[in-house]
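# Overview (structure and organization)
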Amino acid sequence: MIHVTDQAAECCETHSERKSHHSDKMKSNLISRLNRIEGQIRGVKGLIEKDTYCDDVLNQIAAIQSALNSVGRLLLEGHMKSCVIERIQSGDHEVIDELLITVNKLMK
C-alpha cells in the first residue's frame, strides 16, 4: 500500500492550468516503471522483427498491459488522496464526474 506522506501527488490549479506536483520519490518510481515498460515495448518490437511465436509475443504484451495498469493505479490513488479530496473540500464537486470518466477510461 502506498503511504500518502511518501508518494502522494499534490495537485493545484493556477488559472486555467492544472498541474500535479509529485514527490521526488513518487516521480522516480513512476519514471523507473515507465522506463521498464518502454524497454518491454522495444523488446516486443524485436520479437516481432524476429518472427517470434505469436503466443510468446502476446504474453509479453499482457505483461506490458499489466505494468501500465500498475502505473495507472499508482497515479489514480495519489490523485484521489490529494487532488480529489482538495477539490471536494473547496466545494468543487465536478471533480467526481471527472474522476468517474477517468476511471471508466482506465477500465477499458
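Residues numbered from 1 in each chain as written. Predicted model: local features only at pLDDT ≥ 70, side-chain atom pairs only at ≥ 80, totals over all residues. Heavy atoms only, no water.

Averaged over every residue, the pLDDT of the chain is 87; the share at 70 or more is 85%. Mean pLDDT across the secondary structure elements of the chain bottoms out at helix α1 (residues 4–7), with 40, and peaks at helix α2 (residues 24–49), with 97. Under a pLDDT of 50 for its full length, residues 1–9 has, in the predicted model, 19 contacts with residues more than four places off or in other chains. (pLDDT = per-residue confidence, 0-100. Helix = DSSP H or I, 4+ residues; strand = E, 2+ residues; numbered from the N terminus. Contact = heavy atoms within 4.5 Å.)

Here we come to the pattern of salt bridges. In total, this model carries four salt bridges according to the counting rule given. Here R87 and D92 are joined by a salt bridge, their closest N and O atoms 2.9 Å apart. Looking at R87, the relative accessible area reads 13%, which means it is buried. Between R87 and E98 there is a salt bridge whose closest N-O contact spans 3.1 Å. With a gap of 11 residues between them, R87 in helix α3 (residues 54–89) and E98 in helix α4 (residues 94–106) connect regions that are remote in the sequence. The exposure class assigned to E98 is partly exposed, which follows from its relative accessible area of 24%. A cluster of three or more residues bridged by salt bridges with shared partners is formed by R87, D92 and E98. (Salt bridge = Lys/Arg side-chain N within 4 Å of Asp/Glu carboxyl O. Buried < 20%, exposed > 50% of the residue type's maximum accessible area, 1.4 Å probe, protein only.)

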